[in-house]
Each structure stands twice: as C-alpha cells, then as structure tokens.
Amino acid sequence: MTTEPGKGGGLTARMRRLAAPRRRGKVARRTGATIRMLAALVLAGGLYVAVAPATQAADAATLSRSAEDGKALFDQNCITCHGRNAQGVDGKGPSLIGVGSASVEFQVTSGRMPAARQEAQIPRKRTFWDGEELQQNAESLGQYIQELGGGPQLPANVDPSQADIAKGGELFRVNCASCHAFSAGGGALSSGKYAPTLEPATDRQIYAAMLTGPQNMPVFGDNQLSPQEKLDIIAYVQGMKSDQDPGGWGLGRFGPVTEGLAIFLVGIVALVFATLWIAGKS
C-alpha cells in the first residue's frame, strides 16, 4: 500500500486540529466540575458555621471577665464529670447546656455540687467554698454556664421584705405543701427520693429552686408563678422560721400526726399512771 507524497502529513495535521478542541473541551469540563465542587464545599461550610450551635465553638467565643473566671473554676473542679464545654459525660454528670446560672448558683451554694456520686437524691451538705468566696465563685461559674448555653437567671435582687406573707401561705399550701409539708419540713417521695427541708434555704436558693426545678421538683416558671408570687412564697417560708411557737412545743410542726402521738404517749400514759396511783391509795 502506498501513500501519496504529502497526504500522510496533511492527514495527521488535520486529525490533530480536530482532536485539539476535544481535549480543550474535556479540560474545560473537568475545570468547571472542580470549581463547582469547591463552591459547593464552601457553601456547605458557610451554612454549617451559620447554624452550628455556639457551644461547639465555645473556646473561640468571647467570654466576659466573670465568665472567664468561671471557666477556670469549671476546668479545675467540674470538667471531670460535666465534660469539656459542659456537654456532660455519660455515667458521670449531665450536660449543663441550657440549665442557666440560677441552677448553678442553687447547686453550688447549697453544697449539692460537687457531688460525691450519682444517687436518687443529692443531699445538701457543707459547701466547697465559704463566705464571700462561695457567692463569688458561684456567680462566676453561673455566668460561664449562662454564656455557654443560656437558661434561667436569678434577678439581681431577691428581696421578699415587701411581699405578702398571707398570699404566700396560700400559694405554698397549693403548690408546695404536698411535698415539703405544711411546715416546710420536707417529706418522703418514691424510689428513695425526698423533698428536703427548707429550714437552711436562703431567699435566693428558694427562688432558684422554683425557677429551675432541681432533681424531683417541678419547674415553676414565670407563667406558673409570677416573680411577685415567688417572693410571696419566700416571705411565707422565711416567716415560718422566725415563729416562736406561741402555742408551746412545736413538735417539728408536722401537724396532727405528731400532735396526736404526743397526746397519746404523754397524756394517756399519764392518765393511766394517775388512775393506778389513785386506785392504789384507795
């Protein structure tokens, strides 16, 4: 087979000219696909940053001075059980995201935190800090948790001095007495749980407990009990502590059960012995 002179070279050049646009088209398609993929990744990353929870970027967030102090305290005393960024540790401690500064102040100032172990009811005990240091550290820890995930906050000033004690008594009997008893001395619940006595509770602790519902207690938000009604209840509870039992021995103020028992053990027994003494003399 023979090829005419000049035709072979011309055919090859023509094929190269035809193949060149195809190569350029393929490169252009690959370049376009790469650009579109990068744009999609950038868009997805931007959307994630926009909607991702702020708690996941807590380290990069700007904290107030008080929250910075609280974070230092948290990393030193709380991170083992509640985890980095207070997101909780399975089997050790719950997440604190959303509990608010009111819950932190209640738990810390009442000595319930730090807890020795998880159980049906974390009891009140001696606080980890004392005096002004206790309140200051509780507020710093609370501010850190507040800025991490928000939640209920105590008012700046909890002052029940001008509250209505009579109204507070009505509200207490309707909402609180079923668990804490009419005398606020506490009572037993199911499964090893109990409603604690309110004897050592401060004004802020009672307000925080109503606001946050610690452990087995229900939450009484401002829709259930207004801020003024909360102050009325606090005034009633604190007023009971100052009563001097003008009727005599208070018997724990538990009501007719202890009073009836005292009458039987003291009164009836005294009458029996008096009857026997009289019979013996006669």
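Residues numbered from 1 in each chain as written. Predicted model: local features only at pLDDT ≥ 70, side-chain atom pairs only at ≥ 80, totals over all residues. Heavy atoms only, no water.

## A short note on the overall build of the chain
Okay, so step 1: Each helix and strand in the chain was counted, giving 10 helices and 2 strands.
Okay, so step 2: Ordered by position from the N terminus, the helices and strands of the chain form the series α-α-α-α-α-α-α-β-β-α-α-α.
Okay, so step 3: Among the 282 residues that make up the chain, the fraction classed as buried is 30%.
Okay, so step 4: Across the chain, contacts joining residues at least 24 apart in sequence account for 63% of those joining residues at least 6 apart.
Okay, so step 5: Of the roughly 18200 Å² of accessible surface on the chain, 60% is carried by carbon and sulfur atoms. (Helix = DSSP H or I, 4+ residues; strand = E, 2+ residues; numbered from the N terminus. Buried < 20%, exposed > 50% of the residue type's maximum accessible area, 1.4 Å probe, protein only. Contact = heavy atoms within 4.5 Å. Areas by Shrake-Rupley, 256 points an atom, 1.4 Å probe, with all protein chains shown as cover.)

## Describing the side chain of Thr212
Okay, so step 1: Take Thr212: it is sitting in helix α8 (residues 203–212).
Okay, so step 2: Separated by 2.7 Å, the side chain of Thr212 and the backbone oxygen of Ala208 make a polar contact.
Okay, so step 3: In this structure, Thr212 is in contact with Val99, Ala102, Ser103, Pro152 and Val219, ignoring residues within four places of it in sequence. (Polar contact = N/O pair within 3.5 Å; in protein donor to acceptor, adjacent residues only side chain to side chain.)

## Thoughts on unusual backbone geometry
Okay, so step 1: Following Met113, the chain continues to Pro114 via a peptide bond in cis, the omega torsion being 0°.
Okay, so step 2: Residue placement: Pro114 occurs in the loop between α4 (100–109) and α5 (131–149).
Okay, so step 3: At Ala184, a residue that is not glycine, the phi angle is positive and equals roughly 65°.
Okay, so step 4: The topology assignment puts Ala184 in the loop between α7 (177–180) and β1 (187–188).
Okay, so step 5: Classification of Ala184 as buried rests on a relative accessible area of 5%.
Okay, so step 6: At Gln215, a position not held by glycine, the phi torsion is positive, near 55°.
Okay, so step 7: The residue Gln215 is located in the loop between α8 and α9 (227–242) in this model.

## As for the packing of α4 against α5
Okay, so step 1: At a minimum axis separation of 8 Å, α4 and α5 run at an interaxial angle of 145°. Note on packing geometry: the crossing formed by α4 with α5 is right-handed. Taken together, the residues of α5 that come into contact with α4 (itself represented by Gly100, Ser101, Val104, Glu105, Val108 and Thr109) are Leu134, Gln135, Ala138, Leu141, Gly142, Gln143, Ile145 and Gln146.
Okay, so step 2: Considering only residue class, the contact of α4 with α5 consists of 6 nonpolar, 7 polar and 1 charged. (Axes fitted to C-alpha atoms, helices over the stretch in contact; angles between N-to-C directions. Left-handed = near helix turned anticlockwise from the far one by under 90°. Nonpolar A, V, L, I, M, F, W, Y, C, P; charged D, E, K, R; others polar.)

## Observations regarding the packing of helix α2 (residues 65–77) against α5
Okay, so step 1: At a minimum axis distance of 7 Å, the contact between α2 and α5 shows a crossing angle of 100°. Judged by the angle between their axes, α2 and α5 are roughly perpendicular. Every residue of α5 that contacts α2 at Ser66, Ala67, Asp69, Gly70, Lys71, Leu73 and Phe74 is listed here: Asn137, Glu139, Ser140, Leu141, Gln143, Tyr144, Ile145 and Glu147.
Okay, so step 2: Each residue belonging to the contact of α2 with α5 can be placed in one class, and the counts come to 6 nonpolar, 5 polar and 4 charged. (Parallel < 35°, antiparallel > 145°, perpendicular 65-115°, else oblique.)

## Digging into the pattern of salt bridges
Okay, so step 1: Tallied over the full model, the rule gives 5 salt bridges.
Okay, so step 2: Between Lys71 and Asp75 there is a salt bridge whose closest N-O contact spans 2.9 Å. With a gap of 4 residues between them, Lys71 and Asp75 both fall in helix α2, about one helical turn apart.
Okay, so step 3: When the shortest N-O distance is used, the salt bridge between Arg126 and Asp130 registers 3.9 Å.
Okay, so step 4: By relative accessible area, Arg126 is classed as exposed at 70%. (Salt bridge = Lys/Arg side-chain N within 4 Å of Asp/Glu carboxyl O.)

## Considering a nonpolar patch on the surface
Okay, so step 1: A cluster of nonpolar residues, Leu261, Phe264, Leu265, Val266, Ile268, Val269, Leu271, Val272, Phe273 and Leu276, forms a patch on the protein surface that exposes about 990 Å² of accessible area.
Okay, so step 2: Here Val269 lies in helix α10 (residues 256–281).
Okay, so step 3: Val269 gets classed as partly exposed once you look at its relative accessible area, which sits at 35%. (Patch = residues over 30% accessible without salt bridge, like charges linked within 9 Å, V, L, I, M, F, W, Y side chains within 5 Å.)

## Here's the deal with the layout of surface pockets
Okay, so step 1: Of the pockets and cavities examined, the largest pocket occupies roughly 750 Å³.
Okay, so step 2: What lines the largest pocket is a set of 33 residues, and nearest its centre among them are His82, Pro94, Leu96, Gln107 and Met113.
Okay, so step 3: Of all the secondary structure elements, the ones that give two or more residues to the lining of the largest pocket are α2, α3 (79–82), α4 and α5.
Okay, so step 4: Among the elements that take part in the lining of the largest pocket, α4 stands out by supplying 4 residues, more than any other.
Okay, so step 5: Within the lining of the largest pocket, the residues separate by chemical class into 19 nonpolar, 10 polar and 4 charged.
Okay, so step 6: By volume, the second largest pocket is sized at about 470 Å³.
Okay, so step 7: Only α6 (165–175), α7, β2 (194–195), α8 and α9 provide two or more residues apiece to the lining of the second largest pocket. (1 Å grid on protein atoms, 1.4 Å probe; cavity = no way out; pocket = protein on both sides within 12 Å on 5 of 7 lines; lining within 4 Å. Points joined across faces, edges and corners; volume = space filled by probe spheres on them.)

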